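Now for the letters of each chain:
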Amino acid sequence: MKMTYFGHSAFRIDTSRSVILIDPFLSGNPHFQGDVAAASEGATHILLSHGHSDHVGDTVEIARRTGARVVGTYELVSWLKGKGVADIEPANTGGTVKFADFSVTLTQAFHSSADISENGTVTYLGMPNGIVIHFDDGNSVYHMGDTDIFGDMALIEELHQPKIGLVPIGDRLTMGGAVAALACRRYFNFKTIIPLHYGTMPILDADPGRFLEAMEDEASRVRLPEIGQPFDI
């Protein structure tokens, strides 16, 4: 399998049978300098952690163009269906959905989830989630979404034993680097940790320095992939 990081919280995972996008915020993402159509070519599934615009991103356009199935909490995917997404897969916290060569389980996350229109109208879009992906032939992935640390991360480790952790570190809107490092060190046995949700907005930490420092002797588990370049997982 190959993974590609597009900056912020956006990823692509290519398996032998599926092309999975997670939180495809590409247009307007200052870390992403590529072409949206090329980055999302062949997408079969789009997994969404919650309804904020910097995570839903280009979902509607990509789903219309590729026919990708959009997976997320019930309120969010129902709202997207009203915007023209034809193929939705509603789920909710704790639920698992099985596909051809992988499954998706939504976990809890401590955050919020809504669409805010240009005139300030707020549309509630269900609970925010983390996303655990189990592959038939590959390392399991836990995308934490936007979240603070919480004690039941220990249960996520017990239930799922994820090997690759995609971890928000930017502070202000999620946990910061030191707390994210505590979550990784205390609750998980990740093989690889990829920090995310930093450096894309002025109010977020600009770089992963605090996180790396707080990881101390376990910093070797942290990977900082080059934006837009696929790597093996």
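Conventions used here
Every residue gets a number counted from 1 within its own chain, in the order that chain's sequence is written. This being a predicted model, a pLDDT of at least 70 is required before a residue's local features are given, and a value of 80 or more before pairs of side-chain atoms are given or counted; all residues contribute to the totals for chains, interfaces and linings. Remark: hydrogens and water are excluded; side-chain values derive from all non-hydrogen atoms of the structure. Put simply, DSSP marks the helices as runs of H or I at least four residues long and the strands as runs of E at least two long, and each gets a number from the N terminus on. C-alpha atoms define the radius of gyration in this analysis, and the globule rule sets the expected value at 2.2 Å times the number of residues to the power 0.38. For the exposure calls, accessible area comes from a 1.4 Å probe over protein chains only, and a residue counts as buried if that area is under 20% of its type's maximum, exposed if over 50%, partly exposed in between. Any two residues whose heavy atoms approach within 4.5 Å at even a single point are treated as in contact. In this scheme Phe, Tyr and Trp rings, the latter by its six-membered ring, pair at centre separations within 6.5 Å, and the angle between planes marks the pair as stacked below 30 degrees, edge-to-face above 60, and tilted otherwise. In this analysis, strands are considered paired if DSSP registers two or more bridges between them. Here the axes come from fitting lines to C-alpha atoms, over the contacting stretch only for helices, and the angles between their N-to-C directions go from 0 to 180 degrees. Take a side-chain nitrogen of Lys or Arg and a carboxyl oxygen of Asp or Glu: if they are within 4 Å of each other, that pair is a salt bridge. The arc in question is formed by the directions pointing from the helix axis toward the C-beta atoms. Side-chain atoms within 4.5 Å link the members of a nonpolar core, which is a set of buried Ala, Val, Leu, Ile, Met, Phe, Trp, Tyr and Cys residues.

**Q** Tell me what's going on with the overall build of the protein, and back it up with residues and numbers.
**A** Counting its secondary structure elements, the protein contains seven helices and 15 strands. On C-alpha atoms alone, the protein measures out to a radius of gyration of 16 Å, which is about the 17 Å that the 2.2 N^0.38 rule sets for 233 residues. With respect to the three principal axes, the spread of C-alpha positions in the protein is 50 × 45 × 35 Å. Residues classed as buried in the protein amount to 54% of the 233 residues present. Of all intrachain contacts in the protein linking residues separated by at least 6 positions in sequence, the fraction that spans at least 24 positions is 61%.

**Q** Could you give me a rundown of the packing of aromatic side chains, with the residues and numbers involved?
**A** Inspection of the entire model under this criterion finds seven aromatic pairs. When the ring of phenylalanine 6 is compared with that of phenylalanine 32, the centres are 5.4 Å apart and the planes differ by 85°; the resulting orientation is edge-to-face. Remark: phenylalanine 32 occurs in the loop between strand 3 (19–22) and helix 1 (36–39) and phenylalanine 6 occurs in the loop between strand 1 (2–5) and strand 2 (11–14); sequence separation between them is 26 residues. Phenylalanine 32 matches phenylalanine 6 in its accessibility class, with the two residues each being buried. Pairwise contacts between aromatic rings join Phe99, Phe102 and Phe135 into one cluster.

**Q** Which residues make up the sheet that holds strand 12 (residues 141–143), and what values do they have?
**A** Across the sheet, which stays open at both edges, the six strands sit in the order 7-8-11-12-13-14 with mixed pairing between neighbours. Looking along the sheet, the strands with just one partner apiece sit at the ends: strand 7 (96–98) and strand 14 (192–196). Adjacent strand axes in the sheet meet at a mean angle of 15° when their direction is disregarded. Bridge analysis of strand 13 (residues 164–168) against strand 14 gives five bridges, and the strand direction is parallel. Paired with proline 168 across the two strands is leucine 196, which belongs to strand 14. Strands in contact with helix 5 (residues 153–160) are strand 8 (102–108), strand 11 (129–135) and strand 12; relative to strand 11, the strand with the most contacts, it is inclined by about 15°.

**Q** I'd love a proper account of the pattern of salt bridges, names of residues and values included.
**A** Evaluated as defined, the whole model comprises 11 salt bridges. Put simply, aspartate 14 and arginine 12 hold a salt bridge, and the shortest N to O gap is 2.7 Å. The class for arginine 12 is buried, based on a relative accessible area of 12%. The salt bridge partner of arginine 69 is aspartate 87, with a shortest N-O separation of 3.2 Å. Taken together, the residues arginine 69 in strand 5 (residues 69–73) and aspartate 87 in the loop between helix 4 (74–81) and strand 6 (88–91) connect sequence positions 18 residues apart.

**Q** An account of helix 5 is requested, with residue identities and associated values reported.
**A** Among the residues making up helix 5, those that are buried are Met153, Ile156, Glu157 and His160. Projected down its long axis, helix 5 carries its buried residues within an arc of 100°, all on one side. Opposite the buried face of helix 5, at more than 90 degrees from it, the exposed residues are Glu158 and Leu159. Where helix 5 is buried, its residues touch strand 8, strand 11, strand 12 and helix 6 (177–187). Count one or two residues on from helix 5 and you reach glutamine 161, which has phi positive near 45°.

**Q** Please provide a residue-by-residue account of the nonpolar core, values included.
**A** Side chains of a nonpolar character, in soluble globular proteins, are inclined to be buried together. One finds Leu26, Ile46, Val70 and Leu80 to be the most contacted residues of the largest nonpolar core, which totals 24 residues. Tallying contributions element by element places helix 4 first for this core, with four residues. Membership of the second largest hydrophobic core comes to 23 residues, among which are Ile13, Phe99, Phe102 and Val104.

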